[in-house]
Amino acid sequence: MHVCMIVPSEAVKGGIASVVNGYRGSGLEKRYRVTYIESYQDGSKWDKFMKALKGYAAFLRLLKKDRPDLVHIHSSFGPSFYRKMPFILWSASRRIPVVNHIHGAEFDSFYEKASEAKKKRVRKVYGRCTRLVALSKEWAARLGQIVPGERIDILENYCRVPKEPFDTGRNKRQVLFLGELGERKGCFDIPAVWERVKEKCPGASLVMAGDGEMARVKEAFSRKGLADAVSFPGWVRGEEKERLLQGSGIFLFPSYHEGMPMAVLEAMAYGLGIVTTAVGGIPQLIQNGESGALAAPGDTEMMAAALERFLTDEPYRDACGKAARKKAQEQYSLERHLEKLGEIYEKAYMDGRQDRKKRRGQ
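The model shown is predicted, which means the values in this text are computed figures rather than measured ones.

Caption draft 1: Structural view of the sheet that holds strand S4 (residues 98–102). A sheet is described by the order of its strands in space; here 6 strands give the open sequence S2-S1-S3-S4-S5-S6, paired in parallel fashion. Only two strands of the sheet have a single partner each, and these edge strands are strand S2 (33–40) and strand S6 (152–154). Going across the sheet, the axis of each strand differs from the next one's by a mean of 20°, ignoring polarity. As paired strands, strand S5 (residues 131–134) and S6 are joined by 3 bridges and run parallel to one another. The residue bridging Ala134 from the neighbouring strand is Ile154, located in S6. Running at roughly 150° to S2, helix H3 (residues 45–65) makes contact with strand S1 (2–8), S2 and strand S3 (70–75) of the sheet.

Structure representation (structure tokens):
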């Protein structure tokens, strides 16, 4: 089967690129003939616009010269929805099955609180997809407001689990954040959390790895007199990210909206003590008190208390980290993910064949 996958550039920051980059050179390419078409890159609005145009042109050429059997689109909400519309509509008009893999996290503003005109547009576009892929049961239920539930598949994100020893040189008093620095990830709650933690555990250190609203986040720490208590290495990937995961003892991720965050999965794979929020698919990953600590978004007191316990109760932290790592190994490996993805491809391909038969019979 020839699969055309619509993806962001390899250098893009964020979860979607992390997911897709793991496909490149993987067993997926041994089972299917995969053509990657990039439609998004980081940069200015002009850079993004030109990248989209190049992606459209490459896709139209492919449709003429080497028509795929299936199109797998990685999309999100907001501008991503509109950028991916042409790929969906062009494919559907040629009766090519479309798998729309949805990574978005802010469904309220995208659909539930949208105007009726926008809701109608979303239903029309998603209705042209053969199958929708959700990252968790919660997101499958929410997408069920738009398309019938039998057309939605759940495919959790995955992580690469490092081999033993995975924690060489670990500083168990180092707390790590990975991700976009901004409101959605709860970064402006962290100064209040860290102010309390430093009072009880003055030897603890915090690393805020990522980019985005870095100046505003730094200012929030400065207002509490914590400017010198936090390091900001910027966006990290590859060996630098692995070094931080290997060298930290605790992972803090106080997000307000999520699908199935790659950052939490990566922290699980490295056996960190995880303090995060019960949003999106995170409760499927972390069991409160067993494999980490869950708090409500914005509950800085509970998050601070959870961090303090991890910093002062080493056996408890290690037990939670081991449980999280075991779950990552058993349920969220790349191999298991690709096996499920292959099943979705086969299902979508058969759905497409049945749809074409129905149309010919009309």
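Caption draft 2: A look at the confidence of the model for the protein chain. Across the protein chain, the average pLDDT comes to 93, with 98% of residues at 70 or higher. Here helix H5 (residues 107–112) stands out as the least confident element of the protein chain, with mean pLDDT 83; strand S11 (residues 273–277) is the most confident, with 98.

Caption draft 3: Region of interest: the nonpolar core. Counting 80 residues, the largest nonpolar core has Met208, Phe221 and Phe251 as its most contacted members. Looking at this core element by element, the count peaks at 7 residues for helix H11 (residues 262–269). Residues in contact with Phe221, not counting those within four places in the same chain, are Ile190, Pro191, Trp194, Leu206, Met208, Leu226, Ala227, Val230 and Phe232. Of all hydrophobic cores here, the second largest spans 33 residues; its members include Met85, Phe87, Ile88 and Trp139.

Cut-off values and rules
Residues numbered from 1 in each chain as written. Predicted model: local features only at pLDDT ≥ 70, side-chain atom pairs only at ≥ 80, totals over all residues. Heavy atoms only, no water. Pairing = 2+ DSSP bridges. Helix = DSSP H or I, 4+ residues; strand = E, 2+ residues; numbered from the N terminus. Axes fitted to C-alpha atoms, helices over the stretch in contact; angles between N-to-C directions. Contact = heavy atoms within 4.5 Å. pLDDT = per-residue confidence, 0-100. Core = buried A, V, L, I, M, F, W, Y, C linked by side-chain atoms within 4.5 Å. Buried < 20%, exposed > 50% of the residue type's maximum accessible area, 1.4 Å probe, protein only.

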